[in-house]
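Residues per chain, in single letters:
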Amino acid sequence: MPFLEQIFTLLANAPGNLVYHLVLAFSITGALQGAISQLRATGYPQVRRMVLGLGLLLAGQVVLFAVSGLAWQGVLNAAHVLPSLDRAVLVFSLLWVVWMWAFPEPNRAWDAVTTILSLLVLIGLVFGVVSQAGVADPNNFNLSTQSLVWNIFTLLVIVLGLGLLFMRRPLGWGNGLAVLLLAALGFGLDSFWTSGGSHSGVVRLFMMAAFPLLLTLPNRFPTPTSGAKTQTVAVFQKNVAESAGTDRPSQALRERRRYSTDPKTLSSLLAMAAETDAGKINQHIARSVAQAMLADLCFLIFIGDDKNTLFIGSGYDLIREENLDGGLMNKDSVPMLANAVLRGRSLRLPASTTSSDLKGLGDMLGLSNPGNLLNVPIMNDKGTFGSILLLSPYSNRLWNADDQTFLSNIATSFVPIIERGRKISEIEQQRETARQGSEESQSQLARIQESNAELTRELEALKEQMGQGSAMQEEYKEAVRALESLRIENEKLKSRVEAAQAGGSGGNEYYENELKLTLGEVARLQNQLAEANIKLLELEKQPSGKLSTDQAEVIASIAQELRQPMSSIIGYTDLMLGESVGILGALQRKFVERIKASTERIGSLIDDLIQITTLETGLMSLKPESVDLNLIIDNAMAYTSSQLREKNISLRIDLPEALQPIQADREAIQQILIHLLQNAGAASPVEGSITMRVRAERENEQDYVLLQVADTGGGIPKEDIERVFSRLYRADNALIEGVGDTGVGLSIAKTLTEAQGGRIWVDTETSVGSTFSVLLPARHPELQPQE
């Protein structure tokens, strides 16, 4: 076929190759100009990507023109550079043509793949130029291995593009399919029609046929008419109608009305102005916008408090005239829309079969085709807090720049109304929270009162048990006093008898009378003595002043039962103080704090009761071990810190630089120090001070540790010092001045100290304070259970 060979030769060499380059350049330039015009008219993100792709194609042609000019001037060797560059630009152009046609919307994965393949083309170009420089006959590039590699790579790109177009089928995919088929046909024929030279005329002929189809790229997405054009069309229609003698333009020429003047719109606005419910305000806004913009669907989208989540507040279907429910939006399914809302940008998207945003909206709303999309942000002084979204799934209406401007103005007008609705919603939510908190507080107070009543009943039962033990002690003391009285009377009787015997017969008569009276008294006293002995024998059957094991078990069981309601009370009071169930008033908080403090005090008394029981029944055993006094002091300070903090008491610690561990019972020494600190805290006044000292002592070749706790409680009267470590009872004994403890804590401290081979005493100074001292053996004391 000589004619075709002439054409191929003409296109492969000058000056025919100039025609080839001009056709490609003008085709790309025309498509780019159309895409730029459409971008100005629509602002579609898809068109922006199209402009980018066409710009890269044009840049490739400019580079090829520039290098060709340099080669023509003799600056570069044309045989070494131009063949490889021509193949690289052609592959690069086809690669981005596939990208523009198959992926009109952003796709991170394929965007990255296209970029990587473009870099591979650039690397191949560099290696091709370098290898071509060492070829003996560079003018027969078409017959070289490098040309074969470029052809195979180009065919792979074409096959990949055809597969993507068949699978995705975007708008206008038929024209893209034609471009790639023409390119594939050119490269396929070149494989069988290979001739010498540096360029392929067959490929260039088919590229000249394919590249003009790029002019159809901008036509894939419809361009809406502007406001001016609408007005012009309306005037033209009016003139046509008048010339035809009719009152209105024909149905074919009539332009669709873009904004509504329906009275329903005004009714919606009036209802919205009078509404106080936040949810209904959003419904009225969506309805008003849909009616004003003649939008098939309108949605209000809001940004969550975390500035990262999106949710639909309300929606309205203009065709069905019904409100639509809101819900949470999945940002991953609508990436472009989510990015526009969060950044406060407007967005317009045409109907597309490959748009992930429109597909995601269709899945969320149950629409097969959401139509064209328009979204404008809702902004206040603090930034963006939502947007208005319009869709046209039924009418397929296109949104232009005038629609976007009009909707933006509407959105600005709705800002104070939406903020008012939000404030109303927040107030209602706070009211509801306060109401629920109040109900929960009342319920908790009722449970606390019930627990307190149960606790009171159990304490009364415990008091009865303790009262029986006190009555037995008093009975024993009364028996001891009766025995002492009998002993004294016997002594008096004996002395009288001896005096009578020494007095002689002169006073016999008198002493006989006295003897009779005395014998009668002796008989009466003997009867009382017998009764006292019987009582004494009964009392001697159990340890004096101690509880039996059964009584101890009863007391321990009752104490354990008391712990459960106390734990509930403390738990509920902590919840209330933490305001997790509602906000407390100042007076309510004060009452709850008192309940908690009283409950904790009862818990401390129960612990003392259990410890007294174990001590008196001899059930407590002390286990010596190595004890770090620093840890004991830290725990004691932490345990009593709240008590000291309530009275703003300062605590001073005086410790030696090196404090050696001692051999003692860890729990016992911990209790001793806690009771001493609690007593000092109770005895000291508000804003008083407490000093705790620790010293190492040595007596009789034995190491000791001296613990001292000094308070500022004003001192203890001398007549009461003997009663400091005895157990005091409020019913029978007045509390000792200068001692904060009721007597139980100090008594426990004394018992535990003596059980470890130590001793405890108090030094007091009137009007100043008292110092309680505990001296404990430092090494291997002989610890015995307390009997």
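In what follows, the structure referred to is the one given above.
Throughout what follows, the structure given in this document is the object of discussion. (Residues numbered from 1 in each chain as written. Predicted model: local features only at pLDDT ≥ 70, side-chain atom pairs only at ≥ 80, totals over all residues. Heavy atoms only, no water.)

## A closer look at the nonpolar core
The cut-off we apply is this: In this description, a nonpolar core means a group of buried Ala, Val, Leu, Ile, Met, Phe, Trp, Tyr and Cys residues linked to one another through side-chain atoms lying within 4.5 Å. The classification of residues rests on relative accessible area computed with a 1.4 Å probe and restricted to protein chains. Under 20% of the type maximum is buried, over 50% is exposed, and intermediate values are partly exposed. To qualify as a helix, a DSSP run of H or I must reach at least 4 residues; to qualify as a strand, a run of E must reach at least 2; elements of each kind are numbered from the N terminus. Contact between two residues is taken to exist if any of their heavy atoms lie within 4.5 Å; hydrogens are not considered.
Core analysis: the biggest nonpolar cluster contains 57 residues, and Leu54, Leu57, Met100, Met207 and Leu214 have the highest contact counts within it. Of all elements in the fold, only α2 (16–42), α3 (45–72), α4 (78–102), α5 (108–133), α6 (145–168), α7 (173–192) and α8 (201–210) reach the threshold of two or more residues within this core. Sorting elements by how many residues they give to this core places α4 first, with 17 residues. Once residues within four sequence positions are removed from consideration, leucine 57 is found in contact with Ile28, Ser93, Trp96, Val97, Met100, Phe211 and Leu214. Formed by 40 residues, the second largest nonpolar core is a distinct cluster that contains Ile633, Ala636, Leu659 and Ile760.

## Thoughts on the packing of α6 against α7
Stated formally: Interaxial angles span 0 to 180 degrees and are taken between N-to-C directions of axes, which are lines fitted to C-alpha atoms, for helices over the stretch in contact. Orientation is classified from the angle alone, with under 35 degrees giving roughly parallel, over 145 giving roughly antiparallel, 65 to 115 giving roughly perpendicular, and any other angle giving oblique. Each helix crossing is assigned a hand: it is left-handed if the near helix lies turned anticlockwise from the far helix by less than a right angle, otherwise right-handed if that turn is clockwise.
Where α6 meets α7, the closest approach of the two axes is 10 Å, and the angle between their N-to-C directions is 155 degrees. The orientation of α6 relative to α7 falls into the category roughly antiparallel. At the point where α6 passes α7, the crossing takes the left-handed sense. For the pair α6 and α7, the contacting residues are Asn151, Thr154, Leu155, Ile158, Gly161, Leu162, Leu165 and Phe166 in the first and Trp173, Gly176, Leu177, Leu180, Leu181, Ala183, Ala184, Phe187 and Asp190 in the second.

## Overview of the sheet that holds strand β14 (residues 769–777)
Selection criterion: Here, a strand pair is defined by DSSP locating no fewer than two bridges between the strands.
The strand order across the open sheet formed by five strands is β9-β11-β12-β14-β13, and the pairing between neighbours is mixed. Strand pairing shows two members of the sheet lacking a second neighbour, β9 (650–654) and β13 (759–765), which therefore form its edges. Strand after strand, the sheet turns through a mean of 20 degrees between neighbouring axes, direction not considered. Against the sheet, helix α18 (residues 629–646) contacts β9, β11 (689–699) and β12 (702–710), and its axis sits at roughly 160 degrees relative to β11.

## Some remarks on a positive patch on the surface
Here is the rule: Patches were defined on residues exceeding 30% relative accessible area and lacking a salt bridge, with like-charge contacts within 9 Å and nonpolar side-chain contacts (Val, Leu, Ile, Met, Phe, Trp, Tyr) within 5 Å. Residue exposure ignores everything except the shown protein chains as possible cover, and the areas themselves are Shrake-Rupley values with a 1.4 Å probe. One speaks of a salt bridge when a side-chain nitrogen belonging to Lys or Arg is within 4 Å of a carboxyl oxygen belonging to Asp or Glu. Counted as positive: Lys and Arg. Counted as negative: Asp and Glu. His and the chain ends are not counted at all. Here the site of a charge means atom NZ of a Lys, CZ of an Arg, CG of an Asp or CD of a Glu.
Positive charge collects at one region of the surface, where Lys307, Lys382, Arg422 and Lys423 lie side by side. In this fold, arginine 422 is placed in helix α14 (residues 401–502). Classification of arginine 422 as partly exposed rests on a relative accessible area of 32%.

## Considerations on helix α19 (residues 666–683)
This is how the line gets drawn: Helices are assigned an expected span. That span is 1.5 Å times one less than the residue count. N or O atoms within 3.5 Å of each other form a polar contact, as long as, within protein, one can give a hydrogen and the other can take it, and as long as residues adjacent in sequence are counted only when both atoms are side-chain atoms.
If you check α19, its first and last C-alpha atoms are 26 Å apart, about what 18 residues at 1.5 Å a residue would give, namely 26 Å. With 15 of 18 residues buried, α19 lies mostly within the body of the structure. Capping the start of α19 is the job of one residue whose side-chain oxygen sits 3.3 Å from the backbone nitrogen of glutamate 667: aspartate 665.

## Some points on the packing of aromatic side chains
We count it as follows: Classification of ring pairs uses Phe, Tyr and Trp, with its six-membered ring standing for Trp, and accepts pairs whose centres are within 6.5 Å; under 30 degrees between planes counts as stacked, over 60 as edge-to-face, and the remaining range as tilted.
According to the stated counting rule, one finds six aromatic pairs in the structure shown. Both rings, one in tryptophan 96 and one in tryptophan 99, keep their centres 4.9 Å apart while their planes meet at 75 degrees; by these two values the pair is edge-to-face. Taken together, the positions of tryptophan 96 and tryptophan 99, both in helix α4 and three residues apart, correspond to about one turn of that helix. Classification of tryptophan 99 by relative accessible area gives buried; the value is 4%. On the numbers, 5.4 Å between centres and 25 degrees between planes, the contact of phenylalanine 103 with tryptophan 110 is stacked.

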